[in-house]
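Architecture and fold: a report
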Amino acid sequence: MGIDQVTNLPLIRTLFYPLNILFTMNRSLIRSFWTQVVPLPEPTGDFTGKTVIVTGANTGLGLEAARHFAKLNASKVILGCRDLEKAEAARRGIQTSLEGSACELETWKVDLGSFSSVQSFCRRAADLERLDVVIENAGLLSHVYHEFEGYERQCTINVISTWLMALLLLPTMRRTSLKFDGEQGKDCLPHLCIVGSNAQFYTTFEQRNEPRIFESLREDGDMFHRYANTKLLSLLVMREVSQMMKREESPRVVLNMVEPGFCISDLLREGTWPWYYKILMAVSKFAIGRTSEMGSRNYIWAATAGTKSHGVYVEDCMLSTPAPIAEGEEGRMLQMKAFSELAEILEGIVPQVTHNI
Ligand SMILES: NC(=O)c1ccc[n+]([C@@H]2O[C@H](COP(=O)([O-])OP(=O)(O)OC[C@H]3O[C@@H](n4cnc5c(N)ncnc54)[C@H](OP(=O)(O)O)[C@@H]3O)[C@@H](O)[C@H]2O)c1
């Protein structure tokens, strides 16, 4: 039997993959379609005096989120991007569209394919006077196996570097809360929002039964589910980390996971998709795709959702529930397993970084 060179799956399986999505889907099709076509509420909130970081802000959802924060009076919005030229173009674009805005827009380099780049970025952030909102939006979807830092690159970018950044930024966000909460009678509750994906509803996450999940993701087996598996892994980690943070009487930083919905963006940029997948995606985008601006409204909602959203999966500008695989006793065991493996990897990169939780 032939093998599809892109997905590393037997051809017969890749040909029927779009149908397979429907069968492995863990939520109602009607719900998925309906929520996509109903417009989300216009973002509200006032970020006056606040400093916001958005990663992957040069395009797509990150760019639109950065624009919203600037429009809602943030004092400073930092566009964390791997390509500073693209970041500068995005900064100029936002400035032009918001003429007269007093928001300070900065472009900082960060490549989530490199652990040292993430560390330099976070060292720089530690010098900020305050850090109120972080939207960890940078992410990659690919069917092609490549490694960054010894792991398949979606695993590196969507999980390991994302969480390295989260744990390295947490002390700066806590310091912000301690310093500014109650100042001039205003609350200061920083929000750390990790961008997830409802792709988690379309995977059975076979690697969960492996003795070591991250090791098994070093193999170039089933690349069709890789993106979904990395986003699910990140969700499991978010649930465990948020519980660990709850040990403090009240979390001084809110941690949640936000899903923007199915949006029109450059996410499928790699262009190595099998033809039938391209057709399926083009038709779906046309029929139900949200604009990046519409999807980014979820980020603003998550950044102002408050303590009720701590440890919660947020979508459609509401608190939601994740895939059944992450729920119940199995989900709890799985989140502990995912976190303990990741903790070992992160400690290998920055010793004692998990003490920041
Ligand atoms: N679009 C959707 O339907 C959808 C649905 C659910 C979740 N999401 C999630 O939403 C987030 C944004 O996606 P999008 O749709 O806006 O996609 P996008 O247009 O492809 O934007 C992705 C952003 O991530 C950046 N990025 C990728 N690899 C990076 C790296 N190694 N280091 C630093 N930045 C990196 C990209 O930078 P470059 O431009 O330099 O490559 C780009 O700025 C992702 O986490 C994605 O998984 C999207």
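Let us look at the structure shown here.

Criteria and thresholds
- Residues numbered from 1 in each chain as written.
- Predicted model: local features only at pLDDT ≥ 70, side-chain atom pairs only at ≥ 80, totals over all residues.
- Heavy atoms only, no water.
- Helix = DSSP H or I, 4+ residues; strand = E, 2+ residues; numbered from the N terminus.
- Buried < 20%, exposed > 50% of the residue type's maximum accessible area, 1.4 Å probe, protein only.
- Patch = residues over 30% accessible without salt bridge, like charges linked within 9 Å, V, L, I, M, F, W, Y side chains within 5 Å.
- Areas by Shrake-Rupley, 256 points an atom, 1.4 Å probe, with all protein chains shown as cover.
- Salt bridge = Lys/Arg side-chain N within 4 Å of Asp/Glu carboxyl O.
- Axes fitted to C-alpha atoms, helices over the stretch in contact; angles between N-to-C directions.
- Parallel < 35°, antiparallel > 145°, perpendicular 65-115°, else oblique.
- Left-handed = near helix turned anticlockwise from the far one by under 90°.
- Contact = heavy atoms within 4.5 Å.
- Nonpolar A, V, L, I, M, F, W, Y, C, P; charged D, E, K, R; others polar.
- Lys, Arg positive; Asp, Glu negative; His and termini not counted.
- Charge placed at Lys NZ, Arg CZ, Asp CG, Glu CD.
- Core = buried A, V, L, I, M, F, W, Y, C linked by side-chain atoms within 4.5 Å.
- Pairing = 2+ DSSP bridges.
- Right-handed = clockwise from strand over helix to strand, strands pointing away.

Thoughts on unusual backbone geometry
A positive phi angle, near 50°, is found at Asp 316, a position not held by glycine. Relative to the assigned elements, Asp 316 resides in the loop between strand 9 (313–315) and strand 10 (318–320). For Asp 316, a relative accessible area of 11% corresponds to the buried category. The residue Gln 352 is not glycine, and still its phi comes out positive at about 70°. The residue Gln 352 is located in the segment after helix 12 (328–349) in this model.

Considering a nonpolar patch on the surface
Judged by side-chain polarity, Trp 34, Val 37 and Val 38 come together as a nonpolar surface patch covering roughly 300 Å² of accessible area. Take Trp 34: it is sitting in helix 3 (residues 29–37).

Here we look at the pattern of salt bridges
Enumeration over the complete set of coordinates arrives at 16 salt bridges. The shortest N-O distance in the salt bridge between Glu 104 and Lys 76 comes to 3.8 Å. Within this pair, whereas Glu 104 is found in strand 3 (residues 104–109), its partner Lys 76 is found in strand 2 (residues 76–81), the two being separated by 28 residues in sequence. Of the residues examined, Glu 104 reaches a relative accessible area of 40% and is grouped as partly exposed. A salt bridge links Glu 129 to Lys 179; its shortest N-O distance comes to 3.9 Å. Within this pair, whereas Glu 129 is found in the loop between helix 6 (115–126) and strand 4 (133–136), its partner Lys 179 is found in helix 7 (residues 153–180), the two being separated by 50 residues in sequence. Overlapping salt bridges bring together Glu 42, Glu 293 and Arg 297 as one network.

So, the packing of helix 6 against helix 7
The contact between helix 6 and helix 7 brings their axes to 10 Å, and the two run at 15°. One element, helix 6, and the other, helix 7, form an angle in the roughly parallel class. For the pair helix 6 and helix 7, the crossing hand works out as right-handed. For the pair formed by helix 6 and helix 7, the contact residues are Phe 115, Val 118, Gln 119, Phe 121, Cys 122, Ala 125 and Ala 126 on the first element and Thr 156, Ile 160, Ser 161, Leu 164, Met 165, Leu 168, Leu 169, Thr 172 and Arg 175 on the second. Residue classes in the contact of helix 6 with helix 7 are distributed as eleven nonpolar, four polar and one charged.

Structural notes on a positive patch on the surface
A cluster of basic residues, Arg 82, Lys 86, Lys 109 and Arg 269, forms a positive patch on the protein surface. Its place among the elements puts Arg 82 in the loop between strand 2 and helix 5 (84–97). Arg 82 gets classed as partly exposed once you look at its relative accessible area, which sits at 46%.

Digging into the nonpolar core
Judged by nonpolar contacts, the single largest core of 63 residues is most densely connected at Ile 160, Trp 163, Leu 192, Phe 214 and Leu 346. Those elements that place two or more of their residues in this core are helix 6, helix 7, strand 7 (191–195), helix 8 (213–216), helix 9 (226–245), strand 8 (254–259) and helix 12. Broken down by element, the residue count for this core peaks at 13 residues, all from helix 7. The contact partners of Leu 346, leaving out residues within four places of it in the chain, are Ile 160, Trp 163, Leu 164, Leu 167 and Val 353. Counting 32 residues, the second largest nonpolar core, distinct from the first, contains Ala 70, Ala 87, Ile 94 and Val 133.

Here's the deal with the environment of Lys 231
For Lys 231, the location among the structural elements is in helix 9. For Lys 231, a relative accessible area of 5% gives the class buried. Excluding anything up to four places from it in sequence, Lys 231 contacts Asn 158, Val 195, Gly 196, Ser 197 and Met 257.

Side note on the pairing of strand 1 (residues 51–55)
The buried count for strand 1 comes to five of five residues, which makes it a mostly enclosed element. In the sheet, strand 1 pairs with strand 2 via five bridges, with the strands oriented parallel. Its bridge partner lying in strand 2, Ile 53 is registered against Ile 78. Read from strand 1 through helix 4 (residues 60–71) to strand 2, the crossover connection turns out right-handed.

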